Amino acid sequence: MLSAPDPLDPAAARALQLLEELCALSSPSGDRAGLAAVAAHLAAALAVRGLPAQVEGWEGEGGAWPVVLAGDPGAAAPLLLV
């Protein structure tokens, strides 16, 4: 069970706010438009926090699915966030 963040910890409060924003976006399984909206929101939130991120299509069943790639520009390869 998750507990409320310490009100004196601004990083925890911002993380909880981002989680609430992501959960509020409609993205049922199989809904590419909804998943793309969540991916775009997450990529923008990471970029604002200094982690360059982009949404790309990942070929899968039925076509391309949105995924978030994020990473340090100096790193060998980005991280795939699903």
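Above this text is the structure in question.
Residues numbered from 1 in each chain as written. Predicted model: local features only at pLDDT ≥ 70, side-chain atom pairs only at ≥ 80, totals over all residues. Heavy atoms only, no water.

A. Here's a closer look at the overall build of the chain. When helices and strands are counted, the chain shows two helices and three strands. Going from the N terminus to the C terminus, the chain shows its helices and strands as α-α-β-β-β. Relative to its full complement of 82 residues, the chain shows a buried share of 16%. Long-range pairs, those at least 24 residues apart, make up 25% of the contacts in the chain with a sequence separation of at least 6. Summed over its atoms, the accessible surface of the chain is roughly 5,800 Å², and 64% of this surface lies on carbon and sulfur atoms. (Helix = DSSP H or I, 4+ residues; strand = E, 2+ residues; numbered from the N terminus. Buried < 20%, exposed > 50% of the residue type's maximum accessible area, 1.4 Å probe, protein only. Contact = heavy atoms within 4.5 Å. Areas by Shrake-Rupley, 256 points an atom, 1.4 Å probe, with all protein chains shown as cover.)

B. Molecular detail of the packing of helix H1 (residues 10-24) against helix H2 (residues 32-48). The contact between H1 and H2 brings their axes to 9 Å, and the two run at 160°. Relative to H2, the element H1 lies roughly antiparallel. Note on packing geometry: the crossing formed by H1 with H2 is right-handed. Packed against H1, whose contacting residues are Leu 18, Glu 21 and Leu 22, the element H2 presents Val 38, His 41, Leu 42 and Ala 45 at the interface. For the contact of H1 with H2, the residue count by class is five nonpolar, one polar and one charged. (Axes fitted to C-alpha atoms, helices over the stretch in contact; angles between N-to-C directions. Parallel < 35°, antiparallel > 145°, perpendicular 65-115°, else oblique. Left-handed = near helix turned anticlockwise from the far one by under 90°. Nonpolar A, V, L, I, M, F, W, Y, C, P; charged D, E, K, R; others polar.)

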